[in-house]
Amino acid sequence: MEQTLVILKPSAVERCLIGEIITRIQNRGLIITGMKMMQLDEAILREHYAHLVDKPFFPSIVKSMTASPVIVMVLKGVEVVEVFRAMTGVTNGRKAAPGTLRGDFCMSGQANIVHASDSVENALIEIARFFKPEEVFDYTPANIDFLYGDDEQKQ
Ligand code: ADP
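Residues numbered from 1 in each chain as written. Predicted model: local features only at pLDDT ≥ 70, side-chain atom pairs only at ≥ 80, totals over all residues. Heavy atoms only, no water.

1. Regarding unusual backbone geometry
Thinking step 1. For Cys-16, which is not glycine, the phi torsion reads 60° and is therefore positive.
Thinking step 2. Within the secondary structure layout, Cys-16 lies in the loop between α1 (10–13) and α2 (18–28).
Thinking step 3. One non-glycine residue, Glu-79, lies in positive phi territory at about 55°.
Thinking step 4. Structurally, Glu-79 can be placed in the loop between β3 (70–77) and α5 (80–88). (Helix = DSSP H or I, 4+ residues; strand = E, 2+ residues; numbered from the N terminus.)

2. What about the sheet that holds strand β4 (residues 114–116)?
Thinking step 1. Across the sheet, four strands lie side by side as β2-β3-β1-β4; this open sheet has antiparallel pairing. Lying at the two open borders of the sheet, with one neighbouring strand each, are β2 (31–38) and β4. For this sheet, the mean inter-axis angle between neighbouring strands, taken without regard to orientation, is 20°.
Thinking step 2. Taken together, the seven bridges between β2 and β3 define a ladder with antiparallel strand orientation. Opposite Gly-34, over in β3, you have Val-74 as the bridge partner.
Thinking step 3. Sitting on the sheet, helix α7 (residues 120–130) is in contact with β1 (2–8), β2, β3 and β4, with an inclination near 55° to β1. (Pairing = 2+ DSSP bridges. Axes fitted to C-alpha atoms, helices over the stretch in contact; angles between N-to-C directions. Contact = heavy atoms within 4.5 Å.)

3. A closer look at α5
Thinking step 1. Within α5, burial applies to Val-80, Val-81, Val-83, Phe-84, Met-87 and Thr-88. End-on view of α5: buried residues confined to an arc of 165°, all on one side of the axis. Residues of α5 that are exposed and angled more than 90 degrees away from the buried face: Glu-82 and Ala-86.
Thinking step 2. Contact partners of the buried residues in α5: β1, α2, β3, α6 (101–105), β4 and α7.
Thinking step 3. Remark: Gly-89 follows α5 within two positions and exhibits a positive phi of approximately 90°. (Buried < 20%, exposed > 50% of the residue type's maximum accessible area, 1.4 Å probe, protein only. Arc of directions from axis to C-beta.)

What follows is the structure, encoded as C-alpha cells:
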C-alpha cells in the first residue's frame, strides 16, 4: 500500500484542531503508521519547501511553520496520496471546497492547517525527511477486512 506524509501545521496545533483532523483521517479508514510532535526549523523547511525558497513570501512561511511544534504523520492506504490530497483541498483555504480539511477549517492560503504529499515519489522522500525508519510501523490493523476487499489489500 502507498504511504503519504502529513504535517498538522502550527495553524492546526494552535487552533486545537489536531483531534478533529485525526478523527477525519481515521473515519475515512486511513491507517496511521507514524505520528510524533516536533519543532521545525528553517533548515528542514528549506528542504521541504525547496520549490518556494526563492519566493518573496518564503520568510513568512518559515515564521508560520516554526511558530509552534507540529504533528507529523505517516498514513497508509490504497492510493492514499491522491485520497489525502483530495481530503486536504486546494492551497488557499478560502477557495477550498467545503468538506475538505482546508475548506472546513481555515481561511488562509498560508495558515492552511495541513501539508499533504503531492505524489508517491515525493511522499517517500518526505517520510524519510521527517521520520527514522524505526518510527514508522507497517502493521495491519485488525479491521482491515472491513476497510478493503481482498484484492485491494494486495495493492
Ligand atoms: P500545497 O501545500 O497545497 O501543496 P504549495 O506546495 O504550493 O501548496 O505551497 C506550500 C505551502 O506554502 C502552502 O501550503 C502554504 O502554506 C504556503 N504558501 C504557498 N503559496 C503561498 C503564498 N502565495 N503566500 C504565502 N504562503 C504560501
